[in-house]
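Each chain, written out:
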Amino acid sequence: MESRVFLPVIYVRGTFYQVGYDVGHTFKSMIEEFVQNSKFLTDELLPAYNTEVGQKIYNDTLTLMKQKFPYYVNELQGISDGSQVPFFKLMLLHIDSMILDGSSSESQLSGNGCSSIMCNHENVVLGHTEDAFPAAHNHLYVVHADITEKCGRRERFSSLCYAGHLPGFCMNINEHGLVYTINIIEPVHVHNNKTPRHFLTRAMLSARNLVDAQAILRDRGTGSAHGFCVNMSFMNQEGLILFHSAEVGPAENNESQLSILTVSPGESHARCNKYLRLKIDEDPNGLAVLSSDGRHRVMNRIGSPRTIDEVIDLLSNDEDQDYPIYRRGTEKDIVLTIATGVFDFNRREWRIYSDNAKNTKPIAIFSMNM
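## Details of the packing of helix α1 (residues 16-26) against helix α5 (residues 70-83)
- At a minimum axis distance of 6 Å, the contact between α1 and α5 shows a crossing angle of 30°. Classified by the angle their axes make, α1 and α5 are roughly parallel. α5 is crossed by α1, and the crossing has right-handed handedness. Here F16, Y17, G20, Y21, G24 and H25 of α1 lie close against α5, whose contacting residues are Y71, Y72, N74, E75, Q77, G78, I79, D81, G82 and S83.
- Across the contact of α1 with α5, the residue classes break down as six nonpolar, eight polar and two charged.

## Details of the nonpolar core
- Ranked by size, the top nonpolar core spans 95 residues in total, and within it I99, M232 and F345 carry the most contacts.
- When sequence neighbours within four positions are dropped, the list of residues in contact with F345 reads V124, V125, L126, V179, S233, M235, I241, F243 and M368.
- V125, C272, M299 and I308 belong to the second largest nonpolar core, which has 15 residues in total.

## Here we look at the sheet that holds strand β9 (residues 243-249)
- Reading across the sheet, the eight strands line up as β1-β4-β5-β6-β7-β8-β9-β10 and stay open at both edges, with mixed pairing between neighbours. One side of each edge strand has no neighbouring strand; the edge strands of this open sheet are β1 (9-14) and β10 (257-263). In this sheet, adjacent strand axes meet at a mean angle of 20° when their direction is disregarded.
- Examined bridge by bridge, strand β6 (residues 171-174) and strand β7 (residues 178-185) share three bridges and lie antiparallel to one another.

## Some words on helix α4 (residues 52-68)
- Taking 1.5 Å of rise per residue, 17 residues should cover 24 Å, and α4 covers 24 Å from first to last C-alpha, within 8% of that figure.
- Where α4 is buried, its residues contact α3 (39-49), α5, α6 (87-95) and α7 (197-203).

## Quick look at the environment of I260
- Looking at the element boundaries, I260 is found in strand β10.
- The exposure class assigned to I260 is partly exposed, which follows from its relative accessible area of 29%.
- Each C-alpha atom of the pair I260 and V230 lies 9.2 Å from the other, and the pair is 30 residues apart in sequence.

## Some details on the sheet that holds strand β12 (residues 336-344)
- With antiparallel pairing, six strands are arranged side by side in an open sheet as β11-β2-β3-β12-β13-β14. At either end of the open sheet lies a strand with only one pairing partner, and these are β11 (267-271) and β14 (364-367). Each strand axis lies, on average, 10° off the axis of its neighbour in the sheet, ignoring direction.
- Along the sheet, helix α9 (residues 287-302) makes contact with β2 (115-120), β3 (124-132) and β11, crossing β11 at roughly 155°.
- With respect to the sheet, helix α10 (residues 308-315) is in contact with β2, β3, β12 and β13 (349-353), its orientation differing from that of β3 by roughly 15°.

Analysis parameters
- Residues numbered from 1 in each chain as written.
- Predicted model: local features only at pLDDT ≥ 70, side-chain atom pairs only at ≥ 80, totals over all residues.
- Heavy atoms only, no water.
- Axes fitted to C-alpha atoms, helices over the stretch in contact; angles between N-to-C directions.
- Helix = DSSP H or I, 4+ residues; strand = E, 2+ residues; numbered from the N terminus.
- Parallel < 35°, antiparallel > 145°, perpendicular 65-115°, else oblique.
- Left-handed = near helix turned anticlockwise from the far one by under 90°.
- Contact = heavy atoms within 4.5 Å.
- Nonpolar A, V, L, I, M, F, W, Y, C, P; charged D, E, K, R; others polar.
- Core = buried A, V, L, I, M, F, W, Y, C linked by side-chain atoms within 4.5 Å.
- Buried < 20%, exposed > 50% of the residue type's maximum accessible area, 1.4 Å probe, protein only.
- Pairing = 2+ DSSP bridges.
- Expected span 1.5 Å × (residues − 1).

Right under this line is the structure:
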């Protein structure tokens with residue numbers, strides 16, 4: 001599928017609801033189109049929602065999120081009101097596969113994408129491919145937000161977002177110097193009465209340091225319903241730059257499972273969409289694992305990148321005919337790479353590419369200094 005060479009950007013200031021409303025209003029047609037074309041929503045989430053069990057999971061999750069993350073529920077309500085897309089449809093995209101507990105089918109259309117590379121050599125780089133199903137192609141935008149509530153709560157960030165989704169789930173920077181990307185992971189068992197990963201990744205935009213980030217990801221008292229990995233660094237910390245790759249697993253005993261690998265100077269680390277440290281059951285025949293195994297084989301053969309050019313080359317590699325790193329919708333892997341991001345810590349630049357980064361110029365360049 002050919003990429004249109006455009007990336008909409010909004011600069012917005014206000015309360016959580018006001019920011020959500022302005023984002024929804026600005027990108028109304030894009031959000032409507034994404035919701036209409038999302039087979040995951042129409043073929044899996046909505047049928048599950050229309051069951052008695054699905055209704056209970058939806059209502060229980062929404063009630064829990066209003067208690068734990070009322071600001072982000074308000075923000076999502078703003079997106080809904082601004083775009084005039086029903087709130088329950090957007091909320092279902094955030095509840096994700098949790099609601100499929102009420103369905104007889106296992107999801108084949110939940111998220112299955114993204115490769116991240118942390119390179120901590122003379123060139124300090126965080127590289128990321130944003131991989132998604134075809135409905136998300138050309139349905140991305142960047143939000144630069146300055147959010148302030150009357151109570152004094154404030155968040156300032158820049159985030160690449162899927163249409164109709166809360167910020168925090170793709171590539172992100174906040175005012176405290178936190179830079180992070182997300183790799184989703186699909187464990188066999190997803191828990192109900194827990195926090196959807198979309199809300200935890202949104203909460204990461206408020207993190208001031210690694211202690212904050214760990215507390216958000218552990219989510220004590222509830223814990224994550226899903227699996228995912230956060231690849232992050234705090235630019236403003238004292239001393240040498242460190243990367244942290246935090247694997248998050250579905251909660252046990254009301255707290256997310258968490259394993260954090262630190263990538264020190266002189267090291268590199270690459271990861272895809274499977275657990276590398278946490279011992280959590282995954283479907284070995286699922287697309288997330290099959291594609292991750294294929295991408296990791298190429299990464300291991302080529303070796304760890306040490307320069308920004310090597311990071312870009314690796315993220316652009318499409319030599320595997322079945323499960324390439326730069327995903328192009330093969331017979332076995334229908335997922336597409338819809339954007340590539342390169343966070344260049346030396347230049348303090350965030351570059352976004354709409355096509356293969358090795359062969360094209362970035363569509364946008366943003367400063368990493370907020």
